[in-house]
Structure formats: C-alpha cells, structure tokens
Amino acid sequence: MTTPPLIEQLSERVERLLVRHEELQRTNDLLAQQVQALTHERDNLRSRLMAARARIDSLIDRLPATAGVLSGEATPDTPPAGKEATR
C-alpha cells in the first residue's frame with residue numbers, strides 16, 4: 001500500500017477543514033440567534049421587574065396610613081391594643 005502524494009493529502013485536509021469551517025459557521029449563527037433571543041428575554045424580564053418594583057414601592061408608600069392599625073397602635077377610630085372601647 002502506497003501513501004498518496006502530498007498534494008492529495010493536503011487537498012483532503014483542506015476539504016475537511018472547509019467542511020468543519022461550514023459546520024462551525026452554522027453553529028455560530030445558531031448561537032448568535034440564541035444570544036439575541038436571550039438578550040430580548042432578559043430585557044423583557046428586567047422591564048417587568050422594574051414595573052413590579054414600582055408597584056411594590058407604590059404599595060409601600062401607602063403603608064404608613066395603615067401601619068398603625070397593623071402594629072396595634074391606637075388611631076382616632078380604634079382603641080389602643082389590649083383595651084376595649086368604652087361606650
């Protein structure tokens with residue numbers, strides 16, 4: 001069995017490298033699409049998170065008006081905690 005001439009070996013190797021290059025290029029394109037989709041999803045989730053934080057901050061801002069009732073402190077309408085209202 002004789003070894004193929006050097007030019008044929010190089011030619012086969014170049015062909016394999018070209019096939020590999022095409023495979024890697026397709027893989028790279030698919031990965032770039034995934035990155036783009038994930039970036040869009042991340043941006044969407046960040047936007048939703050910021051909106052949720054704004055809603056929570058709004059609710060927290062409204063808490064001081066009812067915080068006394070929840071903590072058991074007296075308000076003009078309710079007696080102090082542990083004491084009954086007198087009639």
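Each chain has its residues counted from 1, running along the sequence as written. Thresholds applied to this predicted model are a pLDDT of at least 70 for local features of residues and 80 or more for the giving and counting of side-chain atom pairs; totals over whole chains, interfaces and linings are not thresholded and use all residues. Just so you know, side-chain values use all the structure's heavy atoms and leave hydrogens and water out.

S.K.: Quick one: what's the story with the overall build of the chain, residue by residue and with numbers?
M.R.: Every helix listed is a DSSP run of H or I at least four residues long, and every strand listed is a run of E at least two residues long, numbered separately from the N terminus. Each helix and strand in the chain was counted, giving 2 helices and 0 strands. Partly exposed describes any residue whose relative accessible area lies between the buried limit of under 20% and the exposed limit of over 50%, with all areas from a 1.4 Å probe on protein chains only and scaled to the type maximum. Classification of the 87 residues of the chain by burial places 1% in the buried group. Note on areas: Shrake-Rupley with a 1.4 Å probe; residue coverage comes only from the protein chains shown. About 8,500 Å² of surface is accessible on the chain, with carbon and sulfur atoms providing 58% of the total.

S.K.: Explain a nonpolar patch on the surface to me, and be specific about the residues and the numbers.
M.R.: A surface patch of nonpolar side chains, amounting to about 260 Å² of accessible area, comprises Ile56, Ile60 and Leu63. Along the chain, the position of Ile60 falls in helix 1 (residues 6–62). Here Ile60 falls in the partly exposed class, since its relative accessible area comes to 45%. Exposure above 30% relative accessible area and the lack of any salt bridge qualify a residue for a patch; like charges then connect within 9 Å, and the nonpolar side chains Val, Leu, Ile, Met, Phe, Trp and Tyr within 5 Å. Throughout this description, the term salt bridge denotes a Lys or Arg side-chain nitrogen within 4 Å of a carboxyl oxygen of Asp or Glu.

S.K.: Break down the pattern of salt bridges for me, citing the residues and quoting the values.
M.R.: Where side chains of opposite charge bring their charged atoms close, a pairing between them can arise. In the structure shown here, the tally under the stated rule is 2 salt bridges. For Arg20, the salt bridge is made with Glu23, and the minimal N-O distance between the two is 3.4 Å. Taken together, the residues Arg20 and Glu23, both in helix 1 and 3 residues apart, mark about one turn of the helix. Look at Arg20 and you get partly exposed, because its relative accessible area is 46%. Residue Arg42 is joined to Asp43 by a salt bridge in which the shortest nitrogen-to-oxygen separation is 2.9 Å.

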